[in-house]
Structure formats: structure tokens, C-alpha cells
Amino acid sequence: MTSSQAVSAAVAQLYNTYPFPPEPLLDEPPPGYNWRWHWTAAYAFCAGRKPLTQAVRVLDAGCGTGVGTEYIAHLNPEAQVTAIDLSDRAIEVARERCQRSGASNATFQPLSIYDVDQLPGTFDWINCVGVLHHLPDPIKGLQKLASKLAPGGIIHIFVYAALGRWEISLMQEAIALLQGDRRGDYKDGVQVGRQIFAHLPEDNRLRLREEKRWAWENQRDASFADMYVHPQEIDYSVDTLFELIDSSDLDFLGFSNPTYWNLERLMGQVPDLMERAALLSPRQRYRLIEVLDPEITHYEFFLAKPPFDPVDWSDQALLKASPERNPCMHGWPSRSIMDCNYQPMALTEAEYAFVEKCDQQPGETTVADCMALANLDIEAVRSLLSRQLIILSS
Ligand SMILES: C[S@@+](CC[C@H](N)C(=O)[O-])C[C@H]1O[C@@H](n2cnc3c(N)ncnc32)[C@H](O)[C@@H]1O
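Everything in this summary refers to the structure shown in the same document. (Residues numbered from 1 in each chain as written. Predicted model: local features only at pLDDT ≥ 70, side-chain atom pairs only at ≥ 80, totals over all residues. Heavy atoms only, no water.)

## Some thoughts on the pattern of salt bridges
For side chains bearing opposite charge, pairing can occur when the charged atoms are close. The final tally for this structure, using the stated rule, is 23 salt bridges. Here Arg165 ties to Glu233 by a salt bridge, and the two come within 3.2 Å at their closest N and O atoms. You can see Arg165 sitting in the loop between strand E5 (149-160) and helix H6 (166-179) and its partner Glu233 sitting in the loop between helix H9 (221-228) and helix H10 (238-246), a full 68 residues away along the chain. The class for Arg165 is buried, based on a relative accessible area of 3%. Arg276 is the partner of Asp272 in a salt bridge, and the nearest nitrogen-oxygen pair spans 3.3 Å. Taken together, the residues Asp272 and Arg276, both in helix H12 (residues 271-278) and four residues apart, mark about one turn of the helix. Look at Arg276 and you get exposed, because its relative accessible area is 55%. (Salt bridge = Lys/Arg side-chain N within 4 Å of Asp/Glu carboxyl O. Helix = DSSP H or I, 4+ residues; strand = E, 2+ residues; numbered from the N terminus. Buried < 20%, exposed > 50% of the residue type's maximum accessible area, 1.4 Å probe, protein only.)

Structure (C-alpha cells):
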């Protein structure tokens, strides 16, 4: 067995012991939405426009117990979803989860990302959340996934960030030291970890971070093990993240949590600093943000396989475009809604009138018509677009 195979075997063993995430199985579709799992909303975020078809092929790479897969299947009933994972037990749970909630458009297969070339054809959309950082060679993993992406297809990736996981990585090391040659016994690792936290001084930094940030989700042993007793984890910085991305032939489209990456929230009050920051490259600005706000625990972002040309709507093209309401919102119809990120949002009367009009005739009216009816100007329409409240097609 090569060392890479040994690492993969250890990772599979962890998730066979503790399939993750340990969410309960339901006999109905899961509640709500996550727009990153909604093809139209995710594609529109990346491309600036509605995708041409809903009948897409989706790969959930490293699906775990299928929580994300189940959402993807239900939110996109016309999609064909293939889900793979290294862990047989995780796949068993994922399959049962989808069977019970009636997600019949998802199929499951125990398979490593390294072996995705065994799957037929290519995929329009790949979801790979919480997985690449557990591979012995994430670059090879990303390259394998990139080879299965159709031209113009998109991939959503989530990997860990080092800065906000500093205490976690120290605790991982402490548990490993105390386990000694019992490393690989994941139940023992959980027991050792829980004992340490219970007995560290109350003002200990590792303990405080666990109690304040993670304890609620770590009540379940599977979550505790996933966090503290992992045999393989690579945590990134902005710099190493872009080394990973650059190793693929994919284009970086942007982070899927853009609010964090807005420097305005950190130094928007200081024009001098903002002017200095404007001289930096986008990647340097990202690095500046993470070093100033080191709470960051993960990176989530979209990549695309060229050719992929996001629309840059000119005023003229925007007026002729057909708007639709983004279905990822809660509480509609109302002027007080939860937006696609479940954040409360108040719409002005004119904004509400615009969205209502395009919701009544999706795809059959134009931005110009809705503007006239709602008495809204073009900048306000751009604001609806940037807040992901509407989706456009040309
Ligand atoms: C933290 S879980 C994430 C599960 C799921 N993506 C989610 O976000 O809920 C990581 C999953 O990646 C799987 N995994 C790790 N290495 C893999 C590989 N080389 N190929 C396929 N799956 C892998 C593990 O078995 C585990 O189920």
C-alpha cells in the first residue's frame, strides 16, 4: 500500500466509524434551501444570467451521508444527480436518506475522487464541499474533478482555512500525541479529546474557542471526530488556496460568501486606506481581508471550465432582459423577506412592485416593462440583481 492509499484508507475508516454529517433522516423533502445547491440560483450568481436548461448532470463528489445531495436532488427535480464517496457506510446512509425523502433523481456509488474517470460522460455542475482538504493530494483531486467538468460547467468547492482553525489544529495535535499508537482508533480519539476539554482550565484558549464557537455542533461524536480526530487535513491560506486553484485549468469566478470578502466592512470609513488597497491585486486584497479578520474558518467558491463568459449587462441589454424572481427567498410575497442567505431584507415599495411583476410573468416580461410599472430606475434594478433577488435571461 502506498502512503497515499494508506491515508485514503484511514479517512474511509474514520467515516465508516462516524458517517458525516450525522443529520437525522426525514420522510419528506428537507426544509428550505441553500442557493448554492439550486442550479438556477448558483449558475445565475456565476454567469449573471439564467442557465439555458434545468436538465443538467450533477456530481456530488464526497457526498458523505447525503445531506447536500438530498437538497440538490429536491431543489433541482430535472437534474440527474450522481453522488460518490470513499466511505461505504456514508454512502449507505446517503442512499437511504434520499430514498426516504423521495429524491429519486439521485444515484450513489462508493468511489474515490481519484477514480472519477470511471464515471461515464461529463457533468455540468460539481459540488465538492468539505472534501478536497481531506485528500492526500488535493491538487490531483481537483484536476480529476476538472477533467469531468463539461466545458462551460461550474464547480462549487469548500475547503478549510487555517487562520480560524488554529485552535482546532493544536487540539488535533494534542489528541494525536496522547493517542500515540492508538491513532486510528477514532472512538478512543473522541474520548481523549472530550476528556481534555473537560479538564483544561476554564480560561484556556483552546477550551474557550471550542465552547464559544463549536460545542453546539460537536455534541454529536461524529462532528467532534470530524473536527478533532481527523487522520488527514490540509488548511489553506489565500495564497495556498490560489496555488490549488491555479493547478487546475479552471477559472476562479468568485467566493460564494462575498460579504466576507468586502474590504469596505473593515476600512470603508477610511478613504486613505481604501485608496491604498485599491492598488493591490484582487488576491492581495483577499489576503489583506483574511489577515485583518482571521476568524475565517473556510473558503467557499465557484470555478468554471472555459469557455465561460459571465454577462456584463450594458444598460441597453439590461432593459431588454427578462427578469424572474429568485426562488431562493423565504416569506414571499411580502416586503419583509429572508433573502437567499436567510438574512432579513426589507424591500421598498417600488422594489416589491418590480419583483411582484416579474414573478407574475416569469420570462414573459422585460426589465423595462417592470421598471415602468414599479417606477424604479436602472441602478435600483442592478441592486436587485446584486442582492440576488432577481435572475435575468436575455
Ligand atoms: C466532511 S465530509 C463532507 C460530506 C459532504 N460533502 C457534506 O458537506 O456534508 C467528507 C467526506 O469526504 C469523503 N472523502 C474523503 N476523501 C475522499 C475521496 N478521495 N473520494 C471521495 N470521497 C472522499 C469522506 O468519506 C467524507 O464522507
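## Focus: unusual backbone geometry
Residue Phe20 is joined to Pro21 through a cis peptide bond whose omega torsion reads -5°. Relative to the assigned elements, Pro21 resides in the loop between helix H1 (3-17) and helix H2 (39-47). In this chain, Pro306 is followed by Pro307 through a cis amide linkage whose omega measures 0°. Tracing the backbone through its elements, the reader meets Pro307 in the loop between strand E7 (298-304) and helix H14 (315-320). Although it is not a glycine, Tyr342 adopts a positive phi angle of roughly 60°. At Asn375, a position not held by glycine, the phi torsion is positive, near 60°. Secondary-structure assignment places Asn375 in the loop between helix H16 (367-374) and helix H17 (378-386). Note on Asn375: relative accessible area 68%, which makes it exposed.

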